[in-house]
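# Coordinate analysis (summary)
One-letter residues, chain by chain:
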Amino acid sequence: NIFFQLIDPDYTDLLENAARKAIKENRILDFIYPVFSDTGKSWIRVQLNWKFLNNNKIIRWYGLISDVTKQVSNKESLIRKREYLHNLIEEASDLIWENDVTGKYLAINKSFSKVMGYELKEVIGKNSLDFIHPDDKEISKKHFQKALEGKRASYETRRISSSNKILHFWVKLRPIYKAQQLIA
């Protein structure tokens, strides 16, 4: 069958098994796989549905096959960029963290952990005020509120390390938006 000759051999069994499972569960098959031709490698999305007789015998199948090469390429590019940015942040010598809009830590980088002396699990989900010197909490709240209003904020503050050592920092806050909504 010419159809299966075009499919990457690593995907043939996966596609056949996905089709069998979709037929057995009487649901639409939705599968993306690479194919090879004279022009090179392309990515195809197949969406198939089945028409059965009362005895569960397939009398017809119908569906849509579309070229999703561009979408797959864009997704792969996005994954590579995300990995690059993750590594850049993780290996930065600056302390980098992310808080949600309530002030709880969502992420910290290695430098934060190393300098502050806290493991990831000791920080994530905790309020950032828990790590700020008591005399600096009000100024920190003021600047955090400024960031929540969509403005950047810079200020000096003291943080308390895991060994109760007081550390001095120049903090720069920047709001993070997703779909034009402040999320962190």
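In this report, we go over the structure that sits alongside the text. Everything numeric here is computed off the predicted structure, so don't read it as measured data.

The rules we used
- Residues numbered from 1 in each chain as written.
- Predicted model: local features only at pLDDT ≥ 70, side-chain atom pairs only at ≥ 80, totals over all residues.
- Heavy atoms only, no water.
- Pairing = 2+ DSSP bridges.
- Helix = DSSP H or I, 4+ residues; strand = E, 2+ residues; numbered from the N terminus.
- Axes fitted to C-alpha atoms, helices over the stretch in contact; angles between N-to-C directions.
- Contact = heavy atoms within 4.5 Å.
- 1 Å grid on protein atoms, 1.4 Å probe; cavity = no way out; pocket = protein on both sides within 12 Å on 5 of 7 lines; lining within 4 Å.
- Points joined across faces, edges and corners; volume = space filled by probe spheres on them.
- Nonpolar A, V, L, I, M, F, W, Y, C, P; charged D, E, K, R; others polar.
- Polar contact = N/O pair within 3.5 Å; in protein donor to acceptor, adjacent residues only side chain to side chain.
- Phe/Tyr/Trp six-rings, centres within 6.5 Å; stacked < 30°, edge-to-face > 60°.
- Buried < 20%, exposed > 50% of the residue type's maximum accessible area, 1.4 Å probe, protein only.

Our next topic: the sheet that holds strand β1 (residues 29-37). Spatial strand order, β1-β2-β3: 3 strands in an open sheet with antiparallel pairing. Every other strand in the sheet has two partners, leaving β1 and β3 (58-67) as the edge strands with one partner each. For this sheet, the mean angle separating the axes of adjacent strands, direction not counted, is 30 degrees. Note: β1 against strand β2 (residues 40-52), 9 bridges, orientation antiparallel. By the bridge assignment, I32 is partnered in β2 with R45. Against the sheet, helix α2 (residues 9-24) engages β1, β2 and β3, with an angle of about 155 degrees to β1. In the packing of helix α3 (residues 69-91) onto the sheet, contacts are made with β1, β2 and β3, and the angle to β2 comes to roughly 115 degrees.

On to the layout of surface pockets, then. Considered as a void within the structure, the largest pocket measures approximately 1,200 Å³ in volume. As for the largest pocket, its lining consists of 32 residues, and the residues nearest its centre are I89, I96, W97, E98 and I176. Only α3, β4 (97-99), β5 (105-108), α6 (137-148), β6 (153-160) and β7 (166-173) provide two or more residues apiece to the lining of the largest pocket. If one sorts the elements of the lining of the largest pocket by residue count, α3 sits on top with 7 residues. Of the residues that constitute the lining of the largest pocket, the class distribution is 20 nonpolar, 4 polar and 8 charged.

Summarising the element assignment, N109 is placed in the loop between β5 and α4 (110-116). Here D94 takes part through its backbone oxygen, which lies 2.9 Å from a polar atom of the side chain of N109. Among the polar contacts made by the side chain of N109, one reaches the main-chain amide nitrogen of F112 at a distance of 3.0 Å. Among residues more than four places away in sequence, those in contact with N109 are I89, E90, A92, D94, L95 and I96.

Right, let's get into the packing of aromatic side chains. According to the stated counting rule, one finds 6 aromatic pairs in the structure shown. Arranged with centres 5.9 Å apart and planes meeting at 35 degrees, the rings of F31 and Y33 form a pair that is tilted. Accessibility classification places F31 together with Y33 in one group, the buried group. Plain terms: the ring middles of Y105 and F131 are 5.6 Å apart, the flat faces sit at 70 degrees to each other, and that makes the pair edge-to-face. In this pair, Y105 sits in strand β5 while F131 sits in the loop between α5 (120-123) and α6, placing the two residues 26 residues apart along the sequence. In this structure F131 comes out as buried when scored by relative accessible area, which is 5%. Among the aromatic side chains, those forming a connected cluster through ring pairs are W97, Y105, F112, Y118 and F131.

Fair warning: the whole summary comes from geometry, so function is off the table for now.
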